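# A look at the structure
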Amino acid sequence: MMPGDSDMTSIVQRIARQALVTYRRPVRLGEDAAKTFLENQSKLKSLMTEVRAADLKLAPRRADGSAAAPLPLQHGAPPVTYMHICETDHFSMGVFLLKSGASIPLHDHPGMHGILKVMYGKVRISCFDRLERPPGSPQVSPPVPPVPPGQADALRCSVLRSTAEYTEESGPCVLSPDRDNLHQIDAVDGPTAFMDILAPPYDPDDGRDCHYYKVLTEPEGKDTEQKEVWLMEISQPPDFWCGGEPYPGPEVCL
């Protein structure tokens, strides 16, 4: 328990305070600095493992149709909404809510850390990393797919790190600047919601804009993880947009 915390302090407040401790200083090179960061991040992951929808006063939402055949997304309504909890220069914290059948398209987090914890429902998360090979290294990538003229610069050689499903009973999903930094999030079998921390927050003026991608080549073979693929950077897909709604949970003060 952090100094100043008590049994009456909400777990949301404790998570926010631990996120500030973890991310308020840039991660520096050096054994001691890295050890301190990992210890703080481990404490944050432990708190995120404990949090539940009720702690945020979230009522799980249900699809009006059966789980096997959810109703299509209502025309005009955003497929995803966001509840803002708090934001500092060092991190942002909120809740994403996905309607049944919705997805957050494959996107990146430039120079950012992140922790995601499902509050209710189920998500499928596919994690990728861009491959940056030094000049002169042997090329073992899959063949470059044909692309329209002038779009070759949008190609990105990447590797599919993992695809896994998460529920409220699962531990957090963690990303870093150099591991699992690109991901796609799909709602599975109905509506879902997850708490999300990003550090530092997106900021296009500081080189942290969100870029979207589509997979051009599928991994080959039975074991598709750790396989190289080609991605293409694209504009935000027209069928994806994110609305906002009020956060009903405990106030956070930092």
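Residues numbered from 1 in each chain as written. Predicted model: local features only at pLDDT ≥ 70, side-chain atom pairs only at ≥ 80, totals over all residues. Heavy atoms only, no water.

### Observations concerning helix α1 (residues 11-23)
- Its 13 residues give α1 an end-to-end C-alpha distance of 18 Å, which sits within 8% of 18 Å, the value for a rise of 1.5 Å per residue.
- Among the residues of α1, Ile11, Val12, Gln13, Ile15, Ala16, Gln18, Ala19, Thr22 and Tyr23 are the ones counted as buried. (Helix = DSSP H or I, 4+ residues; strand = E, 2+ residues; numbered from the N terminus. Expected span 1.5 Å × (residues − 1). Buried < 20%, exposed > 50% of the residue type's maximum accessible area, 1.4 Å probe, protein only.)

### Concerning the pairing of strand β11 (residues 227-234)
- Note: strand β6 (residues 155-166) against β11, six bridges, orientation antiparallel. Along β11, the bridge assignment pairs leucine 155 with methionine 232.
- Where strand β10 (residues 212-215) lies against β11, four bridges are found, and the strand directions are antiparallel. Paired with lysine 214 across the two strands is methionine 232, which belongs to β11. (Pairing = 2+ DSSP bridges.)

### A closer look at the sheet that holds strand β1 (residues 80-87)
- The strand order across the open sheet built from six strands is β7-β4-β9-β2-β1-β12, with neighbouring strands paired in mixed fashion. Edge positions in the sheet fall to β7 (173-175) and β12 (242-244), since each of these pairs with one other strand and no more. Averaged over all adjacent pairs, the angle separating strand axes in this sheet is 25 degrees, with direction ignored.
- Note: strand β4 (residues 113-120) against β7, three bridges, orientation antiparallel. Within the sheet, the bridge partner assigned to glycine 114 lies in β7 and is leucine 175. (Axes fitted to C-alpha atoms, helices over the stretch in contact; angles between N-to-C directions.)

### Quick notes on the packing of aromatic side chains
- Taken as a whole, this structure holds four aromatic pairs when the rule is applied.
- Note on tyrosine 23 and phenylalanine 37: the rings are 6.1 Å apart at their centroids and 55 degrees apart in plane angle, and the pair reads as tilted. In this pair, tyrosine 23 is assigned in helix α1 and phenylalanine 37 in helix α2 (residues 31-50), connecting sequence segments 14 residues apart. Each member of the pair, tyrosine 23 as well as phenylalanine 37, carries the same accessibility label: buried. (Phe/Tyr/Trp six-rings, centres within 6.5 Å; stacked < 30°, edge-to-face > 60°.)

### Let's talk about the confidence of the model for the protein chain
- Summing up the model confidence of the protein chain, the mean pLDDT is 87 and the portion of residues at 70 or higher is 84%.
- When the criterion is pLDDT under 50, residues 65-74 qualifies, and its contacts beyond four places in sequence or with other chains add up to eight contacts. (pLDDT = per-residue confidence, 0-100. Contact = heavy atoms within 4.5 Å.)

### A word on the side chain of histidine 109
- Within the fold, histidine 109 resides in the loop between β3 (103-107) and β4.
- Sequence-distant contacts of histidine 109, defined by excluding residues within four places in its chain, comprise Leu175, Asn181, His183, Leu198 and Tyr202.

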